[in-house]
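# Remarks on the overall topology
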Amino acid sequence: MMTNGETSAVDLGTPPSGDPRRPAGAGLAYESIRKVFGKGADEFVALDDIDFSTTPGDFVSLVGPSGCGKSTLLKLTAGLLNPTAGSVLVGGKEINGPRTDIGLMLQTSTLFPWRNVVENISLPLDIRRDRSKNREARIHEVLELVGLTGFEYHYPRELSGGMQQRVALCRLLISDPDLMLLDEPFGALDEFTREHLNTELARICEHEHKTTLFVTHNVPESVFLSDVVVVMGAHPGRVLEIIEVDLPRPRLPKLRDSPEFSEICVRIRSILGLS
Amino acid sequence: MLDVTSASEVGLPESPPVTRGKSHRGARRTAKRSRSERLRALGRQTLLAAVTFGVLALIWELLSNADPGFWPEIILSKPSEITPAFFEAITTRFVWENYWVTFQATILGFVLGAAAGFILGLMIALIPVFSEAFYPVVILFQSTPRVALAPVFIAWFGFGMSSKVALAATICFFPVLVNTITGLSHIDENAMLLMRSLKASRWQIFTHLRWFAALPTIFAGLKAALTFALIGVIVGELKATNEGAGFLIERGSFQLRMDDVFAYLGILALFGLLLYGIANAVERRVVFWQAGDAEHD
């Protein structure tokens, strides 16, 4: 499924043969999305006139202040909310409820404390009653991908916050979704762990070539990870500008110190009115 | 030691669910703590408790030598008389037989009351119609001091086993009911989002998430209920039987054999402790992921 058996931890950074940006995953398309919460005097326009689409395989970040509706847009994409108007298309098909080809990861790991690491990762497989023989092998594959080999039978409370998020990422990867939705996945972690995990995430996404929608309010984080940064504004939630991030891959930590990187960050910050 | 409030035993409404006691949990602060560390902590606790106990007994003994007008020994007895009475009691077959009766009644009352509370709690939490139909009635009954029902049960079930089992079951019923409802009603929003994104069915959400998430709270209710059952049985026995621990205490007090009475009370305390210990051990196995100090919510 996600890796081809002989993949080892060493070559994970290099995309499979020849094709560095093999189109994979599903393209995203938002068509005149409007989302309103409440009625009458309590009406609150969370999103207005969201209209853009992305290329399959792209890493897309939604960046903006709180109240810009970025999490709402992610939930609409997950099929957990319905738009008031307009439609969301993933891989060309309209969203009208949760779909198994779309995976979700939240800021809290929401690991089940009564399940150990392997059991937590198997949750999606249990729910779709996947009893295939290679379950275990696939779980070990994703664990290796995030560097958690050896922690198979630990319980969540025995893991650090960063490790818990890695397990949550494994639980997402095990379904082999065409689209990964990440809602501030490392937002609750300390700066150091967060940067480290972002580097890991960049590596994993380059390896997996999955379309990814990433919600954050951290500008450098979005630039580091993304092919496309969607800069959003609040009241009502709307798209201010869409920035292509044309930085080389693989994305490595030293990229954060490059002038090109800073330049894009500064541009986004100025769109957001931060500088 | 027991994390049961005395307000509950007289039937005051215990509307907030019984939460897991924070005290005396030192022996299992972290899951990573080794067995030897746990034993050492337990040893330390036991030693300190024994010292406190010894000092109190010594003060009691010294006071009993004081002026009878100030310290009437005849109704207060003293440790040097209670100790032999205690050892005599625990070696007497008749005493054991009576405690055995109390034990049976407690377990029976607990099983009946807890099962009823659990099943009704399950229905109220899972079926909206039941919630609307039963919850107001439950609240009403919960506010009634259950011990006050003792005469009613004696009138209904007569003297002997059934009235005290009924009393114990009634008292057990509520903490289990309330905690089952609370445990099943509190659902972590993010876990719910996750389950929905995975297209889990209602039944899957129950078996994979809600049931396990509710277990710690349900167990806290069961633990409280077990202690409540003992209270119910003893109250029943004080009122209306000619056997059981409560009967021994009642009769001893009536005959002013205070050394025996205190010995019986001592056995009863140990008995309660044993029940609680068993409940704790079972809980630690079933709700194994809750071994930390963290309060479940």
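In every chain, residue numbers begin from 1 and rise along the written sequence. Written order decides the labels, with chains lettered from A and ligands numbered from 1. Only residues with pLDDT of 70 or above have their local features reported here, since the model is predicted, and side-chain atom pairs are shown and tallied only from 80 upward, although totals for entire chains, interfaces and linings are computed over all residues. Note: side-chain values were computed over all heavy atoms of the structure, leaving out hydrogens and water.

With the exception of glycine, the majority of residues adopt a negative phi angle, and the majority of peptide bonds are in the trans configuration. The peptide bond linking His235 of chain A to Pro236 of chain A adopts the cis configuration, its omega dihedral lying at -10°. Here the amide bond leading from Arg249 of chain A into Pro250 of chain A is cis, since omega sits at 0°, within 30 degrees of zero. Within the secondary structure, Pro250 of chain A sits in the loop between strand 10 (238-244) and helix 8 (259-271). Although it is not a glycine, Leu256 of chain B sits at a positive phi angle of roughly 60°. Secondary structure elements follow DSSP: runs of H or I of four or more residues count as helices, runs of E of two or more count as strands, with numbering from the N terminus. Relative to the helices and strands, Leu256 of chain B resides in the loop between helix 11 (245-254) and helix 12 (258-286). Exposure categories follow from relative accessible area, calculated using a 1.4 Å probe and restricted to protein chains: below 20% of the type maximum is buried, above 50% is exposed, and the middle band is partly exposed. What makes Leu256 of chain B partly exposed here is its relative accessible area of 43%.

Another point: the packing of helix 10 (residues 202-240) of chain B against helix 12 of chain B. Residue and element names in this part refer to chain B. Interaxial distance between helix 10 and helix 12 falls to 10 Å at its minimum, and their mutual angle equals 160°. When the interaxial angle is binned, helix 10 and helix 12 end up roughly antiparallel. For helix 10 against helix 12, the interelement crossing comes out right-handed. On helix 12, the residues that touch Leu215, Phe219, Lys223, Leu226, Thr227, Leu230 and Ile234 of helix 10 are Leu268, Phe271, Gly272, Leu275, Tyr276, Ala279, Asn280, Val282, Glu283 and Val286. An axis is simply a line fitted to the C-alpha atoms; with a helix, the fit covers only the stretch in contact. Between two such axes, the angle follows the N-to-C directions and lies from 0 to 180 degrees. The cut-offs work like this: below 35 degrees is roughly parallel, past 145 is roughly antiparallel, 65 to 115 is roughly perpendicular, and the gaps in between are oblique. Left-handed describes a crossing whose near helix is turned anticlockwise from the far helix through less than a right angle; right-handed describes the clockwise counterpart. Only heavy atoms matter for contacts: two residues are in contact if any of them lie within 4.5 Å across the pair.

Note on interface size: it is often stated as the accessible area lost on association of the parts. Along its sequence, chain B is organised into domain 1 (27-76) and domain 2 (79-296). Domains are outlined according to an automatic or database domain assignment. In this structure, domain 1 of chain B and domain 2 of chain B have C-alpha centres spaced 26 Å apart.

Attention now moves to helix 8 of chain A. Residues and elements named next belong to chain A. Working rule for helices: expected span equals 1.5 Å times residues minus one. Spanning 13 residues, helix 8 covers 18 Å between terminal C-alpha atoms, matching the ideal 18 Å at 1.5 Å per step. Regarding helix 8, the residues found buried are Phe261, Ile264, Cys265 and Ile268. All buried residues of helix 8 lie within an arc of 100° about the axis, which places them on one face of the element. Exposed residues pointing more than 90 degrees away from the buried face of helix 8 are listed as Pro259 and Glu263. As for helix 8, its buried residues are in contact with helix 7 (219-225), strand 9 (228-233) and strand 10. After helix 8 finishes, the residue Gly273 shows a positive phi value of roughly 75°. What the arc measures is the spread of directions leading from the helix axis to the C-beta atoms.

Here we take up the pattern of salt bridges. Residue and element names in this part refer to chain A. Salt bridge, as used here: a side-chain nitrogen of Lys or Arg that lies within 4 Å of a carboxyl oxygen of Asp or Glu. Enumeration according to the criterion identifies 17 salt bridges over all chains in this entry. Asp126 is the salt-bridge partner of Arg135, the closest N and O atoms lying 2.9 Å from each other. Here Asp126 falls in the buried class, since its relative accessible area comes to 19%. Here Arg194 ties to Glu221 by a salt bridge, and the two come within 2.7 Å at their closest N and O atoms. Of the two residues, Arg194 is situated in helix 6 (residues 191-208) and Glu221 in helix 7; the sequence distance between them amounts to 27 residues. Exposure remark for Arg194: the relative accessible area of 8% places this residue in the buried category. Given a relative accessible area of 6%, Glu221 falls into the buried group. Linked through salt bridges whose partners overlap, the residues forming this network are Arg115, Asp126 and Arg135.

Residues and elements named next belong to chain A. The criterion is simple. A nonpolar core is a set of buried Ala, Val, Leu, Ile, Met, Phe, Trp, Tyr and Cys residues joined through side-chain atoms within 4.5 Å. One finds Ile121, Leu143, Leu169, Leu201, Val223 and Ile268 to be the most contacted residues of the largest nonpolar core, which totals 47 residues. With seven residues, the top contributor of residues to this core is helix 5 (residues 161-173). The residues touching Leu201, leaving out its near neighbours within four places in the chain, are Phe59, Leu169, Leu182, Phe186, Phe214 and Leu225.

Further remarks concern the sheet that holds strand 1 (residues 28-37) of chain A. Residue and element names in this part refer to chain A. Within the open sheet, the four strands sit side by side as 2-1-4-5. Their pairing is antiparallel. The sheet terminates laterally at strand 2 (44-53) and strand 5 (93-94), the two strands that pair on one side only. Two strands qualify as a pair provided DSSP detects at least 2 bridges between them. With six bridges connecting them, strand 1 and strand 2 associate as antiparallel partners. By the bridge assignment for strand 2, Tyr30 is matched with Phe52. Across the face of the sheet, helix 1 (residues 70-78) comes into contact with strand 1, strand 2 and strand 4 (85-90) while running at roughly 115° to strand 1.

Residue and element names in this part refer to chain B. The N-to-C vectors of helix 5 (residues 93-126) and helix 8 (residues 161-185) enclose an angle of 35°; their axes lie 6 Å apart at closest approach. For the pair helix 5 and helix 8, the sense of crossing is right-handed. In this count, Pro and Cys sit with the nonpolar residues alongside Ala, Val, Leu, Ile, Met, Phe, Trp and Tyr, while Asp, Glu, Lys and Arg are called charged and the others, Gly among them, polar. Across the contact of helix 5 with helix 8, the residue classes break down as 22 nonpolar, seven polar and one charged.

Now for helix 5 of chain A. Residue and element names in this part refer to chain A. The end-to-end C-alpha distance of helix 5 is 18 Å, a good match for the 18 Å that 13 residues give at a rise of 1.5 Å each. Most of helix 5 is tucked away, with 12 of its 13 residues classed as buried. Every buried residue of helix 5 is accounted for by Gly162, Met163, Gln164, Gln165, Arg166, Val167, Ala168, Leu169, Cys170, Arg171, Leu172 and Leu173.

The next point concerns the interface of chain A and chain B. Taken together, the contact between chain A and chain B spans 23 residues of the former and 22 residues of the latter. Taken together, the two surfaces of chain A and chain B that pack against each other cover about 2100 Å², and 69% of this comes from carbon and sulfur. Accessible-area loss on putting two parts together, using a 1.4 Å probe and summing over both, is the definition of buried area adopted here. If you sort the residues of chain A by the area they bury against chain B, Trp114, Ile127 and Arg157 of chain A come out on top, with a joint share of 33%. Contacts described as polar in this section are N or O atom pairs within 3.5 Å, which, within protein, must combine one atom able to donate a hydrogen with one able to accept it, while residues neighboring in sequence count only if both atoms come from side chains. Remark: the boundary between chain A and chain B carries seven residue pairs in polar contact (both at pLDDT 80 or more). Counting residues per element, the ones that place at least two in the side of chain A that touches chain B are strand 6 (102-105) and helix 3 (123-127) of chain A. For the side of chain A that touches chain B, the element with the highest residue contribution is helix 3 of chain A, accounting for four residues.

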